[in-house]
Amino acid sequence: MKNFLKVLSSVTGPVGRIHLNNPGALNSLTESMCIRIYELLREWQDNDEIHIVAVTAEGDRAFCAGGDVRQVYNEGKDDPFAARRFFSTEYRMDLAIAEFSKPYICLIDGIVMGGGLGISVNGQYRVLGDGVMAAMPETGIGLFPDVGATAFLNSCPGRTGLYFGLTGTRLNTADALYAGFGTHYIKSNRHTELLEALQSAEYGDHPSDTVERILREFSSTPNQSGIAAKKGQIDQLFGADSVETIISDLSKDNTAFALETLEQLDRMSPTSLQITAKQITDNPDISARDALILEYRMMAHVLMNHDFYEGIRAALIDKDRTPRWSPKKLTKVMPGDVDAYFASLGEHELVLNSHPK
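First, a word on what this report is: a plain description of the structure on this page.

Calculation criteria
- Residues numbered from 1 in each chain as written.
- Predicted model: local features only at pLDDT ≥ 70, side-chain atom pairs only at ≥ 80, totals over all residues.
- Heavy atoms only, no water.
- Phe/Tyr/Trp six-rings, centres within 6.5 Å; stacked < 30°, edge-to-face > 60°.
- Helix = DSSP H or I, 4+ residues; strand = E, 2+ residues; numbered from the N terminus.
- Buried < 20%, exposed > 50% of the residue type's maximum accessible area, 1.4 Å probe, protein only.
- Lys NZ or Arg CZ within 6 Å of the ring centre and 35° of its normal.
- Axes fitted to C-alpha atoms, helices over the stretch in contact; angles between N-to-C directions.
- Parallel < 35°, antiparallel > 145°, perpendicular 65-115°, else oblique.
- Contact = heavy atoms within 4.5 Å.
- Nonpolar A, V, L, I, M, F, W, Y, C, P; charged D, E, K, R; others polar.
- 1 Å grid on protein atoms, 1.4 Å probe; cavity = no way out; pocket = protein on both sides within 12 Å on 5 of 7 lines; lining within 4 Å.
- Points joined across faces, edges and corners; volume = space filled by probe spheres on them.
- Pairing = 2+ DSSP bridges.
- Expected span 1.5 Å × (residues − 1).
- Core = buried A, V, L, I, M, F, W, Y, C linked by side-chain atoms within 4.5 Å.
- Salt bridge = Lys/Arg side-chain N within 4 Å of Asp/Glu carboxyl O.

**Section: the packing of aromatic side chains**
Counting across every chain of the model gives nine aromatic pairs. On the basis of an interplanar angle of 55° and a centroid distance of 6.0 Å, the ring pair of Phe-164 and Phe-181 is categorised as tilted. Separated by 17 residues along the polypeptide, Phe-164 in helix α6 (residues 160-167) and Phe-181 in the loop between α7 (173-179) and β10 (184-185) bring together distant segments of the chain. Seen from their ring centres, Phe-308 and Tyr-309 are 5.1 Å apart, and the 70° between their planes marks the pair as edge-to-face. On the basis of relative accessibility, which here comes to 13%, the residue Tyr-309 falls in the buried class. Just above the ring of Phe-342 sits the side chain of Lys-278; from NZ or CZ to the centre is 5.4 Å.

Now the structure itself:
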């Protein structure tokens, strides 16, 4: 396996392997890591000897905890325009994954959040182990769910995607499988054996058929999903497109779930809640490509405003966990303020290639 920065790559038989090798930062993605993953996909797309790509990660704590937002914070304070570069690089990688024509398989265990879901959920197969903790926690740091989440949160059952995006709720293996973040549950202690089976298989003219057969052979039935059991309640309480209405409906529902959810929402950036609700509810059938273009537009505006920098300060810099959002209340976030996050960037809009060729 060849060492290139914090991404390792190897080819064993018909399998090209990408191994995230940044365990000290929970395998969080740096810009260089995104560039390297994109380059590997571009190279392997045209290599007839490689039939599938498998993505693994170093350590047992995390598959990938997201993007390197501390780097974005440091750059953005000085130059918000320069800070956009990380996202343009990351989103190009995410689209390359979404449009990759060969089977692409992630073996996921531990923490997988934000950008970690970008490099996995955008791909064809997502194998979940026993210890998954998945989330899109961006509203808690003054951001919004990105990396294609406008599309994949809308693919979740009922209104659960909106619930995940607004609250940053953490999902276990069964929940993540129910949400569609995973396609298969395979016990963690069989992941190495699974990788070996993929590497020794004969693929022929229909590699996906072979991959799906192997995944079926290894798959197990997960525990019951707690989110699945709450779906009816989530659909009812998150049925509105307006955050104010959602909060009003939660306030009238005197259940433990509603009270806990209200506490979650109260910790989030009011601006982030408003733009996330619009982002998800206005775009129910959006493609991954269009989602990334939209999210880049939103991110460019976020980087010009207060709450992202305050959210990162509170969570990662000073670690006081007491962000001072501006504005502090939902009612102070005006409709025009929300619409501004979706305004065109003109000649600075994100331009994406069709695929990594």
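**Points about the packing of helix α3 (residues 80-98) against helix α14 (residues 288-302)**
For the pair α3 and α14, interaxial distance at closest approach is 10 Å and the crossing angle is 170°. Classified by the interaxial angle, the pair formed by α3 and α14 is roughly antiparallel. Note on element contacts: α14 touches α3 through Ala-288, Arg-289, Leu-292, Glu-295, Tyr-296, Met-299 and Ala-300, opposite Arg-84, Phe-87, Ser-88, Tyr-91, Asp-94, Leu-95 and Ala-98. Looking at the contact of α3 with α14, its residues break down into nine nonpolar, one polar and four charged.

**Some words on the layout of surface pockets**
Of the voids in this model, the largest pocket is the one considered here, and its volume is about 1300 Å³. Forming the walls of the largest pocket are 49 residues, and the residues nearest its centre are Met-113, Pro-137, Ile-141, Ala-315 and Leu-316. Listing elements by their share of the lining of the largest pocket, those giving two or more residues are α2 (69-78), α3, β7 (111-113), β9 (133-135), α12 (256-266) and α15 (306-317). Sorting elements by how many residues they give to the lining of the largest pocket places α15 first, with five residues. Here the residues of the lining of the largest pocket are counted per class, giving 23 nonpolar, 15 polar and eleven charged. Put simply, the second largest pocket is a space of about 310 Å³. Around the second largest pocket, the lining comprises 15 residues; the ones closest to its centre are Thr-56, Ala-57, Gly-59, Leu-107 and His-191.

**Considerations on the sheet that holds β7**
Here we have three strands laid out as an open sheet, ordered β5-β7-β9, and parallel in their pairing. Each of the sheet's edge strands pairs with one partner strand only, and the pair in question is β5 (62-64) and β9. Averaged over neighbouring strand pairs, the angle between their axes works out to 15° when direction is ignored. Alignment of β7 against β9, held across three bridges, turns out to be parallel. Within β9, the residue paired with Val-112 across the bridge is Ala-134.

**Things to note about unusual backbone geometry**
Working note: non-glycine residues mostly have negative phi, and peptide bonds are mostly trans. With an omega of 0°, the peptide bond between Ser-326 and Pro-327 qualifies as cis. Note on placement: Pro-327 falls in the loop between α15 and α16 (335-340). We note that Val-147 has phi near 50°; this positive angle belongs to a residue other than glycine. Structurally, the position occupied by Val-147 is in the loop between β9 and α5 (149-152). Of note in this structure, Arg-321 is not a glycine but carries a positive phi near 60°. With respect to the helices and strands, Arg-321 occurs in the loop between α15 and α16.

**Details of helix α1 (residues 31-45)**
Here α1 contains 15 residues, and its C-alpha end-to-end distance of 21 Å stays within 8% of the 21 Å for a straight helix at 1.5 Å per residue. All of the buried residues in α1 are Glu-31, Met-33, Cys-34, Arg-36, Ile-37, Tyr-38, Leu-40, Leu-41, Trp-44 and Gln-45.

**Brief notes about the nonpolar core**
Ranked by size, the top nonpolar core spans 96 residues in total, and within it Phe-63, Phe-181 and Phe-308 carry the most contacts. When sequence neighbours within four positions are dropped, the list of residues in contact with Phe-308 reads Val-69, Val-72, Tyr-73, Ile-141, Gly-142, Leu-143, Val-302 and Leu-303.

**Observations regarding the pattern of salt bridges**
Should the charged atoms of two oppositely charged side chains come close, the side chains can pair. Applying the stated criterion across every chain yields a total of 14 salt bridges. The salt bridge involving Glu-99 is made with Arg-289; its shortest N-O contact spans 3.4 Å. In this pair, Glu-99 sits in the loop between α3 and β6 (104-108) while Arg-289 sits in helix α14, placing the two residues 190 residues apart along the sequence. Connected through salt bridges with shared partners, the residues Glu-310, Arg-313, Asp-318 and Asp-320 form a single ionic network.

**Thoughts on the side chain of Thr-261**
Relative to the assigned elements, Thr-261 resides in helix α12. Filtering out sequence-adjacent residues up to four positions away, Thr-261 remains in contact with Tyr-163, Thr-167, Phe-238 and Leu-250.

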